[in-house]
Amino acid sequence: MATNSTVTVLILVAAAVLACAGGARGFYLPGVAPADFRKKDPLAVKVNQLSSIKTQLPYSYYSLPFCRPGTIVDSAENLGEVLRGDRIENSLYVFEMMEPRLCQIVCKITPSQDEAKDLKEKIEDEYRINMILDNLPLVVPIKRLDQEAPTVYQQGVHIGIKGQYSGSKEEKHFIHNHFTFLVKYHKDANTDLARIVAFEVKPYSIKHEPDGDWRGNATPLKTCDPHSRRLVVDSDSPQEVDANKDIIFTYDVNFEESPIKWASRWDTYLLMADDQIHWFSIVNSLMIVLFLSGMVAMIMLRTLYRDINKYNQLEDQEDAQEETGWKLVHGDVFRPPANADLLCVYVGTGVQFFGMLLVTLLFAILGLLSPSNRGGLMTAMLLLWVFMGLFAGYTSSRLYRMFKGSEWKNVTIKTALMFPGIVFAIFFVLNTLIWGEKSSGAVPFTTMFALVLLWFGISVPLVFVGSYLGFKKPAMEDPVRTNKIPRSIPEQPWYMNPVVSVLIGGILPFGAVFIELFFILTSIWLHQFYYIFGFLFLVFVILILTCAEITIVLCYFQLCGEDYQWWWRSYLTSGSSALYLFLYATFYFFTKLEITKTVSGVLYFGYMLIASYAFFVLTGTIGFYACFWFTRLIYSSVKID
């Protein structure tokens, strides 16, 4: 068993190193089987949600008057996809492998007054069309000004643009009604099979003119005819969006052989803008935090070693009664805090959250949650949260037993219901707002029922099982006895005031995640790809170290000031980093985002409030356990009469 465990740990460490060294690009286990295509095999293009970084409200593709197939078929979606707002459906865009097509008519629409208004609003809000081919999202290649820099890929293609005719100041709305698709494939050297490795598009707005009467998709067009070599290469005569005016949708598709292998096809998608800045900043941040952590650890070890030696020598001297500092409060340091049951609940919840994040990140750096597994990350996090309820119940009841509490069932119920209940209440209100906007991002009733079923059907029973097991075990014994009468706490200097020390304590943990936080927010709210989980795992480790060390330092200063009420303060010290997280999210909202709608702003701050609350629970628990371990260690190292 020991050998197997060692091998497992070595594999995980090796995977983490590979993920960090390669930026988590090109290294992931085969979670999705590749599809092989022969020449002329049909390729079905699926459509996904319409998304916008300005409103953050996704809509179904067919909520706008686009070309619709006779029967709309929804693709099976997992829990994570539904919560993300994905709505994957079939479309009229059908290709044949390695068979180029030019000027293919999809359909002709004539928008009504309301439909034209809706189209203009979506163009105004910069909505993008999202399509999928062989599980690859549609991207628009954007060349940088620096010719040597790699191409940046924008996820999704804009519905249209706002512009002006030359010589006019009036702004018009123009729709992208012609798409030039490029499908890149990698061909097997020994067979005629090929695999798709890229799906790109260039959009155009062109006012098509039928050459004669309209005969459906067989109608020749004056503006686009492959036989007369009239191809769409620009948007000199764009298609304006107006009520009761025909819009003809067309497309080209070209195929290009690529040296990119199927296993590496996500590499170009995962390249981020300012890539070098990202790597440099994150490494620089890690080095600074590691240096500070090393300095703090050195100071603490030297100071504590001197203190313990001094206190142990005082036992043989006449002035033993003149002891000062942290040893003086040994009779009160393990006195149960006020609201001990609530502290147990939050510590248990923090353990649950910590376990969920740790396992998710390990799965991610191993490649088990590759981007090809759409919605897999969110699904995994939800399921892991549910199953980690066992550890939440166990932790909270063990701590409560140490405080000599007897109402363990009440603590268990609070552990099972408090944090998820608050989060679910906020989520339900936000979902109601999304429902009001008729957005596809609204979670359906059936999915809400599934979430509640996971909560009450699996998580709550597991919390009770863990709590029962934890309460059955003997209580942890304190290293020193607690006096019956609590001693008075002397007046503290201003910098050791609870509010001041708690606010100071949150700065370093926030600094550990500051750089990575920017890229995470950009990924979530600006719809960019994020898959650098190797570095995210390292940042998570650094966050644990900084939360632990800053809490230990401030706890030591507090005990030296003869203030023994450290239980809650140790939790709040590192937990206060969540306040800085929310303040930074507010700063990011006003400086980086262009959200104008009130509902969208409420959604942003609502979701960031949930994220900050979860961050508070996580960091607070890490700080609490660090201080708990530190306090038990130092008081078990000195001689107490």
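Residues numbered from 1 in each chain as written. Predicted model: local features only at pLDDT ≥ 70, side-chain atom pairs only at ≥ 80, totals over all residues. Heavy atoms only, no water.

## Considering the nonpolar core
Note on soluble globular proteins: their nonpolar side chains tend to be buried together.
Here's step 1: Residues Leu559, Trp566, Trp567, Tyr604 and Tyr635 are the most contacted members of the largest nonpolar core, which totals 95 residues.
Here's step 2: The dominant element in this core, judged by the number of residues it contributes, is helix H16 (residues 598-635), at 17 residues.
Here's step 3: Core analysis: the second largest hydrophobic core is formed by 57 residues, Val47, Cys107, Val253 and Ile434 among them. (Core = buried A, V, L, I, M, F, W, Y, C linked by side-chain atoms within 4.5 Å. Buried < 20%, exposed > 50% of the residue type's maximum accessible area, 1.4 Å probe, protein only. Helix = DSSP H or I, 4+ residues; strand = E, 2+ residues; numbered from the N terminus.)

## Quick word on the packing of helix H15 (residues 577-592) against H16
Here's step 1: The interhelical angle for the contact between H15 and H16, taken along N-to-C directions, is 155°, at an axis separation of 8 Å. By the angle class used here, H15 and H16 are roughly antiparallel. Here the hand of the crossing between H15 and H16 comes out right-handed. In this structure, H15 uses Ser577, Ala578, Leu581, Phe582, Ala585, Thr586, Tyr588, Phe589 and Phe590 to contact H16, whose residues at the interface are Gly601, Tyr604, Phe605, Met608, Leu609, Ala611, Ser612, Phe615, Phe616 and Thr619. (Axes fitted to C-alpha atoms, helices over the stretch in contact; angles between N-to-C directions. Parallel < 35°, antiparallel > 145°, perpendicular 65-115°, else oblique. Left-handed = near helix turned anticlockwise from the far one by under 90°. Contact = heavy atoms within 4.5 Å.)

## A word on the packing of aromatic side chains
Here's step 1: This model, assessed by the stated rule, comprises 52 aromatic pairs.
Here's step 2: Between Phe95 and Phe199 the ring centres are 6.5 Å apart and the planes differ by 65°, which places this aromatic pair in the edge-to-face class. Of this pair, Phe95 sits in strand S2 (residues 89-96) while Phe199 sits in strand S12 (residues 194-204), and the two are 104 residues apart along the sequence.
Here's step 3: Owing to a relative accessible area of 0%, Phe95 belongs among the buried residues under this scheme.
Here's step 4: The lysine or arginine in question, Lys122, covers the ring of Tyr127, its NZ or CZ lying 5.6 Å from the ring centre. (Phe/Tyr/Trp six-rings, centres within 6.5 Å; stacked < 30°, edge-to-face > 60°. Lys NZ or Arg CZ within 6 Å of the ring centre and 35° of its normal.)

## Re helix H6 (residues 340-365)
Here's step 1: Here H6 is 26 residues long and its end C-alpha atoms lie 38 Å apart, about the 38 Å a rise of 1.5 Å per residue gives.
Here's step 2: Gly367, located one to two residues past H6, shows a positive phi value of around 90°. (Expected span 1.5 Å × (residues − 1).)

## Here's the deal with H15
Here's step 1: Taking 1.5 Å of rise per residue, 16 residues should cover 22 Å, and H15 covers 21 Å from first to last C-alpha, within 8% of that figure.
Here's step 2: Residues Ser577, Ala578, Leu581, Tyr584, Ala585, Tyr588 and Phe589 constitute the buried set of H15. Considered in projection along H15, the buried side chains sweep an arc of 150° and stay on one side of the axis.
Here's step 3: On the buried face of H15, the contacting elements are helix H12 (507-525), helix H14 (567-575) and H16. (Arc of directions from axis to C-beta.)

## Points about the packing of H6 against H16
Here's step 1: Where H6 meets H16, the closest approach of the two axes is 8 Å, and the angle between their N-to-C directions is 105°. Taken together, H6 and H16 sit at an angle that is classed as roughly perpendicular. Counted together, Leu343, Tyr346, Val347, Thr349, Gly350, Val351, Phe353, Phe354 and Leu357 of H6 and Tyr613, Ala614, Phe616, Val617, Leu618, Thr621, Ile622, Phe624 and Tyr625 of H16 form the full contact between these two elements.
Here's step 2: A class-by-class count of the residues in the contact of H6 with H16 yields 15 nonpolar, 3 polar and no charged. (Nonpolar A, V, L, I, M, F, W, Y, C, P; charged D, E, K, R; others polar.)

By themselves, these figures tell us nothing about what the structure is for.
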